Amino acid sequence: EVQLVQSGAEVKKPGESLRISCKGSGYTFRSYWISWVRQMPGNGLEWMGRIDPTNSNTKYSPSFQGHVTISADRSISTAYLQWNSLKASDTAMYYCTRHHLMQEPFDFWGQGTLVSVS
Amino acid sequence: QSALTQPASVSGSPGQSITISCTGTSSDIGSFNYVSWYQQHPGKAPKLLIFDVSNRPSGISHRFSGSKSANTASLTISGLQAEDEADYYCSSYTTRSTLEFGGGTKLTVL
């Protein structure tokens, strides 16, 4: 069974750093890219960026470039989303999702990680 | 403001059909047949309903169908059921090799 299991909810203060994770199982992790999607409270979905676990090649939405870092450790089938200095506006639910290429659909999603910054 | 425009809300009675539109530009929907639709129930992760404009993943009901004309994609739900009440999002691949989502549409089953 394909699963993307994300790390638990986080409560942080502005200026703190944070890394959340997404562990894939039930499939060949390096065969699928991982994207991160933000959903702010009461708002819609926003694509943040993606990583190819095979070579760690990344691409970011212009809206998120420079604000977050996406990485992966294929030896443990895990992708990460990282902030160096959180802001209150980073408060949101964050989902990881897998897809073959950028134009392909997001067929499996993680359960989401709620990040609260205040 | 989302790059793809969806109506904020639609509603319909059980058994009826509804259509949700998703309007983009020649830089996204108009250039590719890589439009997907996702359903999201409150407190849950999104679920893939339609990919490549009109294809359904295994296990998705035939009541869900998709289409596209020029820069606008559409999702039609026929035979509305109470369980269809949810938020629906379109997405499209873009000429910048990125992905855009629509703002989402809340479906109310009356």
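Note: the structure precedes this text.
Reading guide: rules and limits
- Residue numbers restart at each chain and count upward from 1, following the sequence in its written direction.
- Chains and ligands are labelled sequentially in the order written, the chains with letters from A and the ligands with numbers from 1.
- Under the rules for a predicted model, residues below a pLDDT of 70 receive no local features and side-chain atom pairs below 80 are neither given nor counted, while totals for whole chains, interfaces and linings still include all residues.
- Derived side-chain values reflect all non-hydrogen atoms in the structure, with water molecules and hydrogen atoms excluded from consideration.
- Cavity means a closed set of points on a 1 Å grid over the protein atoms alone, one where a 1.4 Å probe fits but cannot get out, pocket means an open set with protein on both sides within 12 Å along at least 5 of 7 lines, and lining means a residue has an atom within 4 Å of a point.
- Grid points are joined across faces, edges and corners, and a volume is the space filled by probe spheres set on the points.
- Put simply, a salt bridge is a Lys or Arg side-chain nitrogen that is within 4 Å of an Asp or Glu carboxyl oxygen.
- Exposed residues in this analysis have more than 50% of their type's maximum accessible area, buried residues have under 20%, and partly exposed residues fall in between, with area computed by a 1.4 Å probe over protein chains only.
- For this analysis, residues touch if any pair of their heavy atoms sits within 4.5 Å.
- The buried area of a pairing is the accessible area, by a 1.4 Å probe, that goes missing from both parts when the two are put together, added over both.
- Throughout this description, a polar contact denotes any pair of N or O atoms lying within 3.5 Å of each other; where both atoms belong to protein, one of them has to be capable of donating a hydrogen while the other can accept it, and for residues adjacent in sequence the pair is counted only when both atoms sit in side chains.
- Helix and strand definitions follow DSSP, with helices as H or I runs of at least four residues and strands as E runs of at least two, each counted in order from the N terminus.
- Each residue receives one of three labels: charged for Asp, Glu, Lys and Arg, nonpolar for Ala, Val, Leu, Ile, Met, Phe, Trp, Tyr, Cys and Pro, and polar for the others, Gly being one of them.
- Any two cysteine sulfur atoms lying within 2.5 Å of each other are counted as a disulfide.

Trainee: Tell me about empty space enclosed by the protein, residues and numbers included.
Mentor: Evaluated as defined, the whole model comprises 1 cavity of 30 Å³ or more. There is about 30 Å³ of room inside the largest cavity. Contributing to the lining of the largest cavity are Met 102, Gln 103, Glu 104 and Pro 105 of chain A together with Tyr 34, Ser 36, Ser 91, Tyr 93 and Leu 99 of chain B.

Trainee: Tell me what's going on with the pattern of salt bridges, and back it up with residues and numbers.
Mentor: Residue and element names in this part refer to chain B. Across all of its chains, the model carries 5 salt bridges over all chains by this definition. Put simply, Glu 100 and Arg 96 hold a salt bridge, and the shortest N to O gap is 3.2 Å. With relative accessibility at 40%, the residue Arg 96 sits in the partly exposed group.

Trainee: Tell me about the interface of chain A and chain B, and name the residues and values.
Mentor: Taken together, the 17 residues of chain A in the interface contact 18 residues of chain B. For the pair chain A and chain B, the two sides together bury roughly 1,500 Å², of which 68% comes from carbon and sulfur. Of all residues in chain A, Leu 45, Gln 103 and Pro 105 of chain A give up the largest surface area on contact with chain B, accounting jointly for 37% of the area buried on that side. Across the contact surface, chain A and chain B share 6 residue pairs in polar contact (both at pLDDT 80 or more). Those elements that place two or more of their residues in the side of chain A that touches chain B are β4 (33-39), β5 (45-52) and β6 (57-60) of chain A. If you tally residues by element for the side of chain A that touches chain B, the top one is β5 of chain A, at 3 residues. In the side of chain A that touches chain B, the residues fall into 9 nonpolar, 5 polar and 3 charged.

Trainee: Explain the state of the cysteines to me, and be specific about the residues and the numbers.
Mentor: Residue and element names in this part refer to chain A. For the structure on display, the rule yields 2 disulfides over all chains. With a sulfur-sulfur separation of 2.1 Å, Cys 22 is cross-linked through a disulfide to Cys 96. Residues Cys 22 and Cys 96 are joined through a disulfide that is right-handed, its torsion about the S-S bond being 75 degrees. Taken together, the residues span a long stretch of sequence, with Cys 22 in strand β3 (residues 18-25) and Cys 96 in strand β9 (residues 92-99) at a distance of 74 residues. A single burial state applies to Cys 22 and to Cys 96, both of which are buried.

Trainee: Would you mind going over the environment of Pro 14 of chain B in detail, with residue names and values included?
Mentor: All names here are of chain B. Its place among the elements puts Pro 14 in the loop between β1 (9-12) and β2 (18-23). Residue classification places Pro 14 among the exposed residues on the basis of a relative accessible area of 54%. Taking C-alpha positions, Pro 14 is 9.5 Å from Asp 84, a pair spaced 70 residues apart along the chain. Setting aside residues no more than four positions away along its own chain, Pro 14 makes contact with Leu 80, Val 109 and Leu 110.

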